[in-house]
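# Coordinate analysis (summary)
So you can see what is in the structure, the chains are spelled out below.
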Amino acid sequence: MSTRHTIAVLVNDQPGVLQRVSGLFGRRGFNIESITVGQSEEPGLSRMVIVTIGDEQTLEQIEKQLYKLIDVIKVINLSISPMVGRELALIKVNAEPAERPEIMGVVETFRASVVDIGSRNLMVQVVGDTTKIDAMIELLKPYGIRELSRTGVTAMIRGNV
Amino acid sequence: MSAQTPEVRSTEQLREKWMKPEVITGSEILLRSLLLEGVECVFGYPGGAVLYIYDAMYGFEDFKHVLTRHEQGAIHAADGYARASGKVGVCIATSGPGATNLVTGIATAYMDSVPLVVITGNVATTLIGTDAFQEADITGITMPITKHSYLVRDVKDLPRVIHEAFHIASTGRKGPVLIDIPKDVSATLTLFEPSSNAVNLRGYNPRMVPNKLQLDKLVQAIEESERPMILAGGGVIYSGGHEALYEFVKKTEIPITTTLLGLGAFPSGHELWTGMPGMHGTYTSNMAIQKADLLINIGARFDDRVTGNLNGFAPHAKIVHIDIDPAEIGKNVPTDIPIVGDVKTVLEMLNPEVKRADRADEWRAWIKQSNAEVPFSYQDSETVLKPQWVIEMLNETTKGEAIVTTDVGQHQMWAAQYYKFNQPRSWITSGGLGTMGFGLPSAIGAQMAHPERLVISINGDGGMQMCSQELAICAINNIPVKIVIINNQVLGMVRQWQELIYDNRYSHINLEGSPDFVKLAEAYGVKGLRATNKEEARKAWAEALETPGPVVVEFVVSKGENVYPMVTQGSTIDQMLLGDA
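I will try to describe carefully the structure that is included in this document. Here the residue numbering is sequential within each chain, running from 1 through the sequence in written order. Here every chain gets a letter starting at A, and every ligand a number starting at 1, in the order they are written. For this predicted model, a pLDDT threshold of at least 70 governs which residues receive local features, and a threshold of 80 or more governs which side-chain atom pairs are given and counted, while totals over whole chains, interfaces and linings are taken from all residues. Only hydrogens and water are removed before side-chain values are computed, so all heavy atoms of the structure are retained for them.

The helix count covers DSSP runs of H or I at least four residues long, the strand count covers runs of E at least two residues long, and both are numbered beginning at the N terminus. Summing up its helical and strand segments, chain A has 4 helices and 9 strands in all. Starting at the N terminus and ending at the C terminus, chain A contains elements arranged as β-α-β-β-α-β-β-α-β-β-α-β-β. Of all 161 residues assigned to chain A, the portion counted as buried reaches 40%. Considering only contacts in chain A between residues 6 or more positions apart, those separated by 24 or more positions represent 71%. Accessible surface area values rest on a Shrake-Rupley calculation with a 1.4 Å probe, where residue burial reflects the displayed protein chains alone. Accessible surface for chain A amounts to roughly 8,700 Å². Of this, 52% is attributable to carbon and sulfur atoms. Counting rule applied: Lys, Arg positive; Asp, Glu negative; His and chain ends not counted. Charge placement uses NZ in Lys and CZ in Arg. For Asp and Glu, CG and CD serve respectively. Charged side chains in chain A number 18 positive and 19 negative. The centres of these two groups are separated by 3 Å. Exposure is judged per residue with a 1.4 Å probe applied to protein chains only, and the accessible area is read against the type maximum: over 50% gives exposed, under 20% gives buried, and values in between give partly exposed. Here, two residues are considered to be in contact whenever any of their heavy atoms come within 4.5 Å of each other.

Dropping the structure here:
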């Protein structure tokens, strides 16, 4: 049964390492729903967080194939543990002055924030798990979304692990 | 010059000379580092981006450089050298087209887990990314077909990179590693300090020693099994585990089939050996896998040419899979007892523990009976030469002791079926990628590795024309390879599929009008012989064997011959076309 998995991959911060990882997913037919990369706690290492959809066997292959890359240090399936997953979205939404109070209401309810105001639109910043951002987008759609940019999920296991 | 590899000059004195910290160029660092890795022979082709490297090789005699006539020839030769010797093969090419000409050879080595270090030049670091003359992103192009790759931007990294590359290529599941060296890096002077022996790669720790609990499970499973079967592959040879495998079979008395790349891992004369399995494997091997209640895969990867249709493969068997690459386990076939580790290490740990499979006497009797009743067979002829007969003749006259390389196609399958190997590293063939053009250059590499042994290169008339330019190398260096061409004037394997599966629609397979191979050989200064019947064949082959240098022997064979048995795609391996013999 295909389910969504969030995987953290600790890699050497080397040129081409993103290409190695994304290329591996591409050529073996593994799905990438989102991928984020940035510095980790250790100098010289980056952490990628990849959200993928697949069954148990596919997930096992993804982990094993990732480990075959010399620049991959560690692969952790975050979604088997209690996990905090967050992404950030910037949403530019049509907002004539008359509609603004209504939109602000939605934004406040979601504990999102307005980070820019144009004469005919607002830029909303929302942080949360994927479902929260999906919901926010749904609610803003009726006003007319002009531009949408999502970071993809970054994630971490809760507690002392 | 003779085909002998240079005498071993790795004396302490020379080593000291190479190790001496000195300010030298990147090119000289490369050469010294190769020497320190024990390299005796490299195959290459110069060009603009490697001019500094070739300049450093001017008058340089500490290792031998073989100038091929095409970069593809260079890498296949390095591949043949590696497969025959067990050492890392090395080749060098220039940037752009030189590098891209290596791609097929890199993929060939990658698919068959052959240790290579592939060195390419690139344009200067200041030009990278500008579409400069002869620029190609070769690290990017080869990422899916290398075990690892480096683009060296700082000359100070070179000693470490080269040392890591040899380590990665030759350990764990072996494979090709590419080092791309921009032109300015090869020219830059720096203080050479040899890389220390320690390799610091946090993300690379191949697991050699298996989990003991898993071994216990296998020992137990063997005791309980009534129909155990071993499927042994190239991993046995690559790990040097053939003796341990022999001991394992001797103790357990479990019947064994060896895959295409596993030929030579187990002596073919043994009564429990059933031959090769799969698409063109023996009846007994395929039936045994399908009937087995325990299938012990030792260093094979359940390739689709072995398994046939996976739904219905070994339906009654508990599956054991021993492999150094954890990603192979469970990839194609669900596995009951996974054992991750080096094949030789695993077998040496198992051997003191295992006992004879006592419940399998009936099974052994059936195996032996089936082996005797359904051997490979073909309808011989006294009027036309049959390709199978030619291979049998080669086998008989050389007692199965030659190193045999092949190209790809029907002749490859007949060679696998009718040449009887008893030693590892005697059979060199492109199994995974199925690369035409591999047969001749790989034989050159094998002969460089073993100047004293008889090397036979068996080719079809198609593949022979894909790298025939390397005949020049045989002539110039007097490399005494015996080059066999099984000429049926057609792309035989394609013809076979078109006959059997595409309703006799023979589309673009006619190779009539190919060059006169005897004259082609002579044009390069190589002796050429031709045979069209058995008498001529025996005579020509005897003459070839007596000739000290390279010889091309063309056997003109019947055109419509098919390779049997055959499992057509989509069938399970017990559904074999057995042919008309």
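Quick look at a nonpolar patch on the surface now. A residue counts toward a patch only above 30% relative accessible area and without a salt bridge, and it is joined to like-charged neighbours within 9 Å or, for Val, Leu, Ile, Met, Phe, Trp and Tyr, to nonpolar neighbours within 5 Å. The rule for a salt bridge is simple: a side-chain nitrogen of Lys or Arg has to be within 4 Å of a carboxyl oxygen of Asp or Glu. Taken together, Leu500, Ile501, Tyr502 and Leu577 of chain B make up a surface patch of nonpolar side chains, about 340 Å² in accessible area. With respect to the helices and strands, the residue Leu577 of chain B is situated in the segment after strand 19 (551-556).

Our next topic: the sheet that holds strand 6 (residues 148-151) of chain B. Residue and element names in this part refer to chain B. In short, DSSP must find at least two bridges between two strands for them to pair. An order of 3-2-4-5-7-6 is seen for the 6 strands of this open sheet, with the pairing classed as parallel. Here the strands that pair on one side only, and so sit at the sheet edges, are strand 3 (64-67) and strand 6. In this sheet, adjacent strand axes meet at a mean angle of 20° when their direction is disregarded. Strand direction decides the pairing type here: strand 5 (residues 116-122) and strand 7 (residues 176-182), joined by 7 bridges, are parallel. Along strand 7, the bridge assignment pairs Val118 with Leu178. Where helix 4 (residues 71-85) meets the sheet, its contacts fall on strand 2 (41-44), strand 4 (89-93) and strand 5, and the angle it forms with strand 4 comes to roughly 170°. Along the sheet face, helix 8 (residues 158-170) touches strand 4, strand 5, strand 6 and strand 7 and points at about 165° away from the line of strand 7. Every axis in this analysis is a line fitted to C-alpha atoms, fitted for helices over the stretch in contact. Angles between the N-to-C directions lie between 0 and 180 degrees.

The next point concerns the state of the cysteines. All names here are of chain B. Here, the term disulfide refers to a pair of cysteine sulfur atoms separated by no more than 2.5 Å. Across all of its chains, the model carries 0 disulfides over all chains by this definition. With no disulfide of its own, Cys91 has Cys41 as its nearest cysteine by sulfur position, at a separation of 11 Å. Unpaired in terms of disulfides, Cys474 finds its nearest cysteine sulfur in Cys467, a separation of 11 Å. You can call Cys474 buried: its relative accessible area is 0%.

Time to look at helix 10 (residues 212-224) of chain B. Residues and elements named next belong to chain B. By definition here, a helix of n residues has an expected span of 1.5 Å times n minus one. In this model helix 10 runs 19 Å from its N-terminal to its C-terminal C-alpha over 13 residues, within 8% of the 18 Å that 1.5 Å per residue would give. Within helix 10, the full set of buried residues consists of Gln214, Leu215, Leu218, Val219, Ala221 and Ile222. Taken down its axis, helix 10 places every buried residue within 160° of arc, on the same side. Its buried side turned inward, helix 10 meets helix 12 (242-252), strand 11 (294-298), strand 12 (318-323), strand 13 (337-340) and helix 15 (343-350). What qualifies as a polar contact is a pair of N or O atoms within 3.5 Å, subject to a donor-acceptor requirement within protein and to the restriction that residues adjacent in sequence count only when both atoms come from side chains. Sitting at the amino-terminal end of helix 10 is Asn211, which places a side-chain oxygen 2.8 Å from the backbone nitrogen of Leu213. Note that the arc is computed from the directions linking the helix axis to the C-beta atoms.

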